[in-house]
Every structure is written in structure tokens, then in C-alpha cells.
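What follows is the residue order along each chain.
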Amino acid sequence: MIRALILGGTADASLLAAAIARAGIDAVYSYGGRTRAPADQPLPTRIGGFGGVIGLADYVRHEGITHVIDATHPFAAEMSRHAVEACANTGTPLIALERASWTKVPGDNWIEVSDVNAAVAALPEAPANIFLAIGRQHIAPFASKPQHAYTLRFVDPAEAPLPFAADVIVSRGPFTLGGELEMMRTRGIAWIVARNSGGDGARAKIDAARMLGLPVIMIARPQLPARSQVESVAEIMQWLGHSTRLGA
């Protein structure tokens, strides 16, 4: 008998949850807890951290989890590392559902950097309008360049004061190309800082930057331990020994 644990929080994870529910597979969907109003899922859902590697391993044992699927954001590196270690400790099969990275196409003006601190260093010294499309957990280092006018976009309103003055947009994706073009033009955005998240839901800002000829400081994905990974829900279902057509 299969009892799967989905480490979720992404659009891909929601698609996977729907496929698993249709197939009648016993599974639990886990949100990390940073989003205050997570989307409903067709599976039993838990919200919150596990308490590190030990806590996740204990959960896997106590809940009879037979398979773990890491469908977290490509930059949720700590959770992904914990999953690798906890599954190794418990002998539980692990696979990652990870969307392909974005790649440059003709017309892109990317400055590719390794991490957030390198992204801060890559910004110009002269004041400019900057769109930080990197999530609230990673903005603090940009306080070292307060001369810029920053635009931020969050799924939920900020609960604590920001480390610098900023124009905050509260909105949930996916975002359209037309909407991104309007936002950038209206705010006079001159630079974009983005993480290479991949996928279609967040790509519109990259396409808009290309059309407007704007430079994009592109932060590379974090390095993670070796693990099995695929790019589609269908491949996950095959890994579980089921078809996406079952129960449809």
C-alpha cells in the first residue's frame, strides 16, 4: 500500500495533488506554513514545519509514509535538503518534481549571479526603480542599497516592517504578460531581480523584461544533494505505479 507525502506549495504540487486524488492514492499534502491563506487541496492537508530532519523523519515513520515527493519551490533549499536526509535515514523513496530552469533566448539581457548577495552587488550605484521578484524572505540584503526605489510583490501583506522603504504589491500569480508590461511601465521599472524559478506561472516578468529591453539580475538555483527528479506530474504518477488517467 502506498501512502505518499507531498511537500508542496507550488502550482505543480497542486496539479500533482489533483492527479493523486483522482487515482485514489492515499496521500498527505504539506504546506510549509509561510502562506497565510494556502489554496485548498483535494487531499488531507497539514500546514507548518516538521522540526528539521529529525521531525520529518519522525513524521514519516509515525504516519506510515512510503513515498515522499518534494514539490516545493526550487529555492526552498532547506526543506529539500531536510527531505533528502530524512528519507535516507528512514529508507523512504524520494523523488523531486522540479520544473526546468529558464534559459536565455535572443533579446534577453541577463546578469547571472550565484545568490542574493551577488544580486545586490550587481545593482547599479545610481538610483533606479528596481523590481525585486524574489519573495519576502530574501529582501533584507538590499537594504545596503537604500538609494533605489524598490517594488516588491507578495502573496500576502507583510506582517512585519520591511527593512527599507518599498512599494508593495499584494497579488497572487500566475501573472500575464500584459499585466507585467503595464506594471513595469507604470512604475518606471529599470531593473529586475529574479530567481530562476522556471515554469510558466512566473515567466511573464522575464518575457516583459525582454520586450522592454530591461536588464534582469538572474539568481541561480541553490545547489542540492543528489536525488531523483523529474519535470512532470505524469512521471511522478509512473514512479508511484499509477496512470494520470486513473479515476478521471
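This one's a predicted model, so the numbers in the text were calculated from it and none came from an experiment. (Residues numbered from 1 in each chain as written. Predicted model: local features only at pLDDT ≥ 70, side-chain atom pairs only at ≥ 80, totals over all residues. Heavy atoms only, no water.)

> Teacher, can you tell me more about the packing of aromatic side chains here?
Aromatic ring pairs are defined here through the distance separating the ring centres and the angle between the ring planes. Summed over all chains, the structure comprises 4 aromatic pairs. With centroids separated by 4.8 Å and ring planes inclined at 55°, the aromatic side chains of Tyr29 and Tyr31 adopt a geometry described as tilted. Look at Tyr29 and you get buried, because its relative accessible area is 0%. With a centroid separation of 6.2 Å and 70° between ring planes, the pair formed by Phe142 and Tyr150 is classed as edge-to-face. Phe142 sits in the buried class, given a relative accessible area of 0%. Overall, the relative accessible area of 3% leaves Tyr150 in the buried class. Chaining the aromatic ring pairs together yields one cluster made of Phe142, Tyr150 and Phe164. The ring of Phe154 carries the charged tip of Arg136 above its face, separated from the ring centre by 4.6 Å. (Phe/Tyr/Trp six-rings, centres within 6.5 Å; stacked < 30°, edge-to-face > 60°. Buried < 20%, exposed > 50% of the residue type's maximum accessible area, 1.4 Å probe, protein only. Lys NZ or Arg CZ within 6 Å of the ring centre and 35° of its normal.)

> Can you help me understand empty space enclosed by the protein in this one?
The gaps of empty space that remain are located by a probe, the size of a water molecule, rolled over the atoms. This structure, assessed with the given rule, holds 1 cavity of 30 Å³ or more. Roughly 40 Å³ of internal volume is contained in the largest cavity. Lining of the largest cavity is provided by Asp70, Thr72, His73, Pro74, Ser80, Ala96, Leu97, Glu98, Leu224 and Arg227. The residue inventory of the lining of the largest cavity, partitioned by class, reads 4 nonpolar, 3 polar and 3 charged. (1 Å grid on protein atoms, 1.4 Å probe; cavity = no way out; pocket = protein on both sides within 12 Å on 5 of 7 lines; lining within 4 Å. Points joined across faces, edges and corners; volume = space filled by probe spheres on them. Nonpolar A, V, L, I, M, F, W, Y, C, P; charged D, E, K, R; others polar.)

> Honestly, the packing of helix 2 (residues 52-62) against helix 3 (residues 77-90) in this entry has me stumped. Any pointers?
For any two helices packed against each other, one specifies the crossing angle of their axes together with the interaxial distance. Between helix 2 and helix 3, the shortest axis-to-axis distance is 8 Å and the interhelical angle comes to 50°. Classified by the angle their axes make, helix 2 and helix 3 are oblique. Classified by chirality, the crossing of helix 3 by helix 2 is right-handed. Across the interface between the two elements, Gly52, Val53, Leu56, Ala57, Val60 and Arg61 of helix 2 pack against Met79, His82, Ala83, Glu85, Ala86, Asn89 and Thr90 of helix 3. Here the residues of the contact of helix 2 with helix 3 sort into 7 nonpolar, 4 polar and 2 charged. (Axes fitted to C-alpha atoms, helices over the stretch in contact; angles between N-to-C directions. Helix = DSSP H or I, 4+ residues; strand = E, 2+ residues; numbered from the N terminus. Parallel < 35°, antiparallel > 145°, perpendicular 65-115°, else oblique. Left-handed = near helix turned anticlockwise from the far one by under 90°. Contact = heavy atoms within 4.5 Å.)

> Teacher, can you tell me more about the pattern of salt bridges here?
This model, assessed by the stated rule, comprises 13 salt bridges. Note that Arg227 is salt-bridged to Asp70, the shortest N-O span being 2.7 Å. Pair noted here: Arg227 is in the loop between strand 11 (216-219) and strand 12 (228-230) and Asp70 is in strand 4 (residues 67-70), with a separation of 157 residues, a long-range link. Neither Arg227 nor Asp70 differs from the other in exposure class; each is buried. We note a salt bridge from Glu98 to Arg227, for which the minimum N-O separation is 2.6 Å. With Glu98 in the loop between strand 5 (94-97) and strand 6 (110-113) and Arg227 in the loop between strand 11 and strand 12, this pair connects stretches of sequence that are 129 residues apart. (Salt bridge = Lys/Arg side-chain N within 4 Å of Asp/Glu carboxyl O.)

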